[in-house]
Amino acid sequence: MSFRKIFLLAVVALGIAAFFVFDLGRFLSLEYLKQSQASFEALYASQPLKVSLVYFAIYVAATALSFPGAAIITLAGGAIFGLWWGTLLVSFASSLGATLAFLTSRFVLRDSIEAKFGNRLAEINRGIEKDGAFYLFTLRLIPVVPFFVINLVMGLTKMKALTFYAVSQIGMLAGTLVYVNAGTQLAQIDSLQGILSPALLGSFVLLGVFPLIAKWIVGLMQKRKVYARWASVKPQRFDRNLIVIGAGAGGLVSAYIAAVVKAKVTLVEAHKMGGDCLNYGCVPSKALIKSAKLAHQMRHGETYGLHSTTPTFSFKAVMRRIQDIVRAIEPHDSVERYTGLGVEVLQGYAKLVNPWTVEIALNDGSTQTLTTRSVVIAAGARPFVPPLPGLEDSGYVTSDTMWDKFGELDEVPKRLVVLGGGPIGCELAQSFARLGSQVTQVEMGPRVMAREDEEVSELARQTLMKDGVDVRTGHKALRVENTGGMKALVVEHAGTEERIEFDELLCAVGRSARLTGYGLEELGIPTNKTVETNEYLQTLYPNIYAAGDVAGPYQFTHVASHQAWYAAVNALFGDFKMFKADYRVIPWATFIDPEVARVGLNEQEAKEKGIAVEVTKYGIDDLDRAIADSEAHGFVKVLTVPGKDTILGVTIVGTHAGDLLAEYVLAMKHGLGLNKILGTIHTYPTLAEANKYAAGEWKRAHAPQQLLAWVGRFHDWRRG
């Protein structure tokens, strides 16, 4: 803590100490005020300016130091100065004193509070940025909320001091008038409770309710403004309670929830039920990864005491197995299943005609138009294809088109270029390398898996290279050349152009939300890489929601399902209760071998956000089960609040890391710390023991050494 902070803290402490040492509180009693009223009035009559200034200074100091007795000082203002001059003095003095307390809290406490509770404070600041002034105004209108607490807490946020002062000045005016007016009738007041009569309390309640009513009216006016151009076409009756556009994870869950609560719901899908995850992403890629891992284990049989052998296989059979797995899971997301649940499923292209009308061009060539109270857009995302010169002419595949194209090949692509160093690119690069392709992975950035900590990125790079992937980071793709059937990707590295010849090129540089083709432009719904929504997942039109990849901010199947609950419930029951989408604990995993899984902060993000963390690390090379499985590599890294077992984030690198992460996701979701994980029995020998041992590492680092030294002496004494 700096000298200036210490000095200011000392001044505040001395002021508070003086208040109690000299028993200044005796002057802040109703009895003393009534006894001295005549003297004060006489003094004011002889020296009005001096008395006013002294009173103003005392009020500012008492408020700034959060002394008790503000109500008595306010009554004194009414008793001595009368209603209007007293109100003026109290209004400005209380607001100025409150702002001084606000600034003191910010200067002395905010840095340390941010270091310990950065994540929670960031969430509060987001709310303050959006509705802080309104929230403060509401609190100022209700006198039962301790004002000194408001002053100190608001100082920890990023609210501007000028905003705090202005809102406090206006918000406290009503209460100031009431108390100053009561002070003018001091002779009739027997106690402070006498001020708060039922009628007065009712008035304060009305004052507190008024801004809520005002906010509701403003919201209603905003809705009317948004819907104004469509007012003439709003239906009197609706065909459906909910129409869902897209049958990926977000759309399926939204439709399912609507059907469960007996709403009339229609689900529209233009292509395949199950969306990207079932047909092109999660399911087929994991099936491919499994085949590739088995081929890798066969090549390294000596690791398990067996003969190493080069696997012989039909690539078509591998791809056929993947399609068989997709077909085996398809019934979970099928038209038949959802129809049986009570969902009307229509196969075709949906388009929003107006906020309540959806026109569906059915796959059989017919058209159907339906009206609905609410819509959930769950249109998903598609692979992003960079605008490289020559790319379209030479041909390429994406994570969507790869399965059909490669399914026709008799052998794995001999030379494969994977463009992109993110999770998708890394998973597919490793898998094809293990199946025998000569893989070159090109990443423009300085490292692969850039969202992870540097040590994780480096471990991933080493793993990929060990499997034969030629990882080229810092290489910018310039163009694709196709000369005489010889295809090559031209890249730039360190100012020099290089050519990488290939037979197949896989674009895996990310995915972009589907934002066109279903009416967003015509309705004027704002988009910026994703559909813009508020915290309730509402778009510009409050009855139109978005969920999943099309809404962001995460492109994970499990997040799409998570958002779908909020979108569906808000769409169906939002008139009674709205729920904000909760992104506090979002896990994800990259299924390279070894897997990388994470939830919450990592060291890289903590540093960027200026959040102080304590890092505890346990090496899986020490874990019995991992040693027995010849999988003894990786680690569990836990970030906690310094000195506490509160978990801020976890990164796990190792076999089945995605499964191991679930225990930490549960702990963070429900506020459980490392001590609880350490105290939980884990089956031996399992990989899950790594979580317990990581908690044990934290516990050892925080062992009470002085107490243990005394315990040692106690045992020495017991032995005689």
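In what follows, the structure referred to is the one given above.
Residues numbered from 1 in each chain as written. Predicted model: local features only at pLDDT ≥ 70, side-chain atom pairs only at ≥ 80, totals over all residues. Heavy atoms only, no water.

**Focus on the packing of aromatic side chains**
Turning to step 1, where the next piece is worked out: In the structure shown here, the tally under the stated rule is 16 aromatic pairs.
Turning to step 2, where the next piece is worked out: Considering the side-chain rings of Tyr 55 and Phe 81, the 5.0 Å spacing of their centres and the 65 degrees angle between planes classify their relative orientation as edge-to-face. In this pair, Tyr 55 is assigned in helix α3 (residues 48-64) and Phe 81 in helix α4 (residues 70-81), connecting sequence segments 26 residues apart.
Turning to step 3, where the next piece is worked out: A ring pair is formed by Tyr 554 and Phe 556, whose centres lie 6.1 Å apart and whose planes are at 20 degrees; its orientation type is stacked.
Turning to step 4, where the next piece is worked out: For Phe 556, a relative accessible area of 19% corresponds to the buried category.
Turning to step 5, where the next piece is worked out: The cationic tip of Lys 577 hangs over the ring face of Phe 579; the distance from NZ or CZ to the ring centre is 5.6 Å.
Turning to step 6, where the next piece is worked out: The lysine or arginine in question, Lys 617, covers the ring of Phe 635, its NZ or CZ lying 4.3 Å from the ring centre. (Phe/Tyr/Trp six-rings, centres within 6.5 Å; stacked < 30°, edge-to-face > 60°. Helix = DSSP H or I, 4+ residues; strand = E, 2+ residues; numbered from the N terminus. Buried < 20%, exposed > 50% of the residue type's maximum accessible area, 1.4 Å probe, protein only. Lys NZ or Arg CZ within 6 Å of the ring centre and 35° of its normal.)

**Section: the pairing of strand β10 (residues 470-473)**
Turning to step 1, where the next piece is worked out: In this structure, strand β9 (residues 438-443) lies alongside β10, joined through four bridges in parallel fashion. By the bridge assignment for β10, Thr 440 is matched with Asp 470.
Turning to step 2, where the next piece is worked out: For the crossover from β9 across helix α19 (residues 454-466) to β10, the handedness is right-handed. (Pairing = 2+ DSSP bridges. Right-handed = clockwise from strand over helix to strand, strands pointing away.)

**Overview of the sheet that holds strand β7 (residues 397-398)**
Turning to step 1, where the next piece is worked out: Spatially, five strands are ordered β7-β14-β8-β9-β10 in an open sheet, and the strand pairing comes out parallel. The open sheet terminates on both sides in strands that have one partner only, identified here as β7 and β10.
Turning to step 2, where the next piece is worked out: Note: β7 against strand β14 (residues 504-507), two bridges, orientation parallel. When the sheet's bridge partners are listed, Val 397 is paired in β14 with Leu 506.

**Points about helix α18 (residues 423-434)**
Turning to step 1, where the next piece is worked out: If you check α18, its first and last C-alpha atoms are 17 Å apart, about what 12 residues at 1.5 Å a residue would give, namely 16 Å.
Turning to step 2, where the next piece is worked out: Counting buried positions along α18 yields 10 of 12 residues, so the element is predominantly enclosed.
Turning to step 3, where the next piece is worked out: If you check which residues of α18 are buried, you get Gly 425, Cys 426, Glu 427, Leu 428, Ala 429, Gln 430, Ser 431, Phe 432, Ala 433 and Arg 434.
Turning to step 4, where the next piece is worked out: Positive phi appears at Gly 436, one or two residues downstream of α18, with a value of about 115 degrees. (Expected span 1.5 Å × (residues − 1).)

**Examining the sheet that holds strand β19 (residues 587-590)**
Turning to step 1, where the next piece is worked out: As summarised here, the arrangement of the five strands in space is β19-β20-β23-β22-β21, forming an open sheet in which the pairing is antiparallel. Two strands close off the open sheet at either side, each with one partner strand: β19 and β21 (614-619). Each strand of the sheet is rotated relative to its neighbour by a mean of 10 degrees, with strand direction disregarded.
Turning to step 2, where the next piece is worked out: Contacts from helix α26 (residues 689-701) reach β21, β22 (635-640) and β23 (647-654) within the one sheet, and its direction differs from that of β21 by about 135 degrees. (Axes fitted to C-alpha atoms, helices over the stretch in contact; angles between N-to-C directions. Contact = heavy atoms within 4.5 Å.)

**Digging into the pairing of strand β2 (residues 265-269)**
Turning to step 1, where the next piece is worked out: Burial within β2 is extensive, with five of its five residues counted as buried.
Turning to step 2, where the next piece is worked out: Both faces of β2 are covered, namely the face carrying Val 265, Leu 267 and Glu 269 and the face carrying Thr 266 and Val 268.
Turning to step 3, where the next piece is worked out: Sheet topology places strand β1 (residues 240-245) next to β2; four bridges connect them, and they run parallel. If you follow Ile 243 over to β2, its bridge partner there is Thr 266.
Turning to step 4, where the next piece is worked out: Handedness of the β-α-β unit built from β1, helix α11 (residues 249-260) and β2 comes out right-handed.
Turning to step 5, where the next piece is worked out: In the sheet, β2 pairs with strand β3 (residues 344-354) via four bridges, with the strands oriented parallel. Considered in β3, the bridge of Leu 267 is made with Val 345.

**Some details on the packing of α11 against helix α21 (residues 557-573)**
Turning to step 1, where the next piece is worked out: Following both chains from N to C, one finds α11 and α21 inclined at 35 degrees, their axes separated by 8 Å at the closest point. Helix-helix and strand crossings are classified by hand; for α11 and α21 the assignment is right-handed. Taken together, the residues of α21 that come into contact with α11 (itself represented by Ala 249, Gly 250, Val 253, Ser 254, Ile 257 and Ala 258) are Thr 557, Ala 560, Ser 561, Ala 564, Trp 565, Ala 568, Val 569 and Leu 572. (Left-handed = near helix turned anticlockwise from the far one by under 90°.)

**Structural notes on the pattern of salt bridges**
Turning to step 1, where the next piece is worked out: Under the counting rule described, the total for this entry stands at 33 salt bridges.
Turning to step 2, where the next piece is worked out: Of the charged contacts, one joins Arg 472 and Glu 498 as a salt bridge, the two residues approaching to 3.2 Å between their closest N and O atoms. One end of the pair, Arg 472, is in strand β10; the other, Glu 498, is in strand β13 (residues 496-502), with 26 residues separating them in the sequence.
Turning to step 3, where the next piece is worked out: Residue Glu 501 pairs with Arg 499 through a salt bridge whose shortest N-O separation is 3.7 Å.
Turning to step 4, where the next piece is worked out: Using a relative accessible area of 33% as the deciding quantity, one classes Glu 501 as partly exposed.
Turning to step 5, where the next piece is worked out: Judged by relative accessible area, Arg 499 falls into the partly exposed class, the value being 44%.
Turning to step 6, where the next piece is worked out: The network of salt bridges with common partners includes Arg 415, Arg 479, Glu 481, Glu 497, Arg 499, Glu 501 and Asp 503. (Salt bridge = Lys/Arg side-chain N within 4 Å of Asp/Glu carboxyl O.)

**Some words on the nonpolar core**
Turning to step 1, where the next piece is worked out: Counting residues in each nonpolar core, the largest one holds 35 residues, and the members touching the most others are Leu 288, Phe 315, Met 402, Phe 406, Phe 432 and Val 439.
Turning to step 2, where the next piece is worked out: If you tally residues by element for this core, the top one is α18, at five residues.
Turning to step 3, where the next piece is worked out: Those residues within four positions of Leu 288 in sequence are excluded, and the remaining contacts are Val 318, Ile 322, Trp 403, Leu 428, Ser 431, Phe 432 and Leu 435.
Turning to step 4, where the next piece is worked out: Residues Ile 360, Ala 379, Ile 525 and Val 531 belong to the second largest nonpolar core, which totals 28 residues. (Core = buried A, V, L, I, M, F, W, Y, C linked by side-chain atoms within 4.5 Å.)

**Section: a nonpolar patch on the surface**
Turning to step 1, where the next piece is worked out: Residues Tyr 256, Val 260, Val 261, Leu 341, Phe 573 and Phe 576 make up a contiguous nonpolar surface patch of about 570 Å² in total accessible area.
Turning to step 2, where the next piece is worked out: Residue placement: Phe 573 occurs in helix α21.
Turning to step 3, where the next piece is worked out: You can call Phe 573 partly exposed: its relative accessible area is 36%. (Patch = residues over 30% accessible without salt bridge, like charges linked within 9 Å, V, L, I, M, F, W, Y side chains within 5 Å. Areas by Shrake-Rupley, 256 points an atom, 1.4 Å probe, with all protein chains shown as cover.)

**Overview of unusual backbone geometry**
Turning to step 1, where the next piece is worked out: Cis rather than trans, the peptide bond between Asp 593 and Pro 594 has omega equal to 5 degrees.
Turning to step 2, where the next piece is worked out: Note that Pro 594 resides in the loop between β19 and β20 (595-600).
Turning to step 3, where the next piece is worked out: Look at the link from Tyr 684 to Pro 685: it is a cis peptide, with omega at -10 degrees.
Turning to step 4, where the next piece is worked out: Inspection of the secondary structure puts Pro 685 in the loop between α25 (674-678) and α26.
Turning to step 5, where the next piece is worked out: The backbone phi angle of Ala 494 is positive, close to 55 degrees, even though this residue is not glycine.
Turning to step 6, where the next piece is worked out: On the secondary structure map, Ala 494 appears in the loop between β12 (486-493) and β13.
Turning to step 7, where the next piece is worked out: At Lys 529, a position not held by glycine, the phi torsion is positive, near 75 degrees.
Turning to step 8, where the next piece is worked out: On the secondary structure map, Lys 529 appears in the loop between β16 (527-528) and β17 (530-531).
Turning to step 9, where the next piece is worked out: For Lys 529, a relative accessible area of 72% corresponds to the exposed category.

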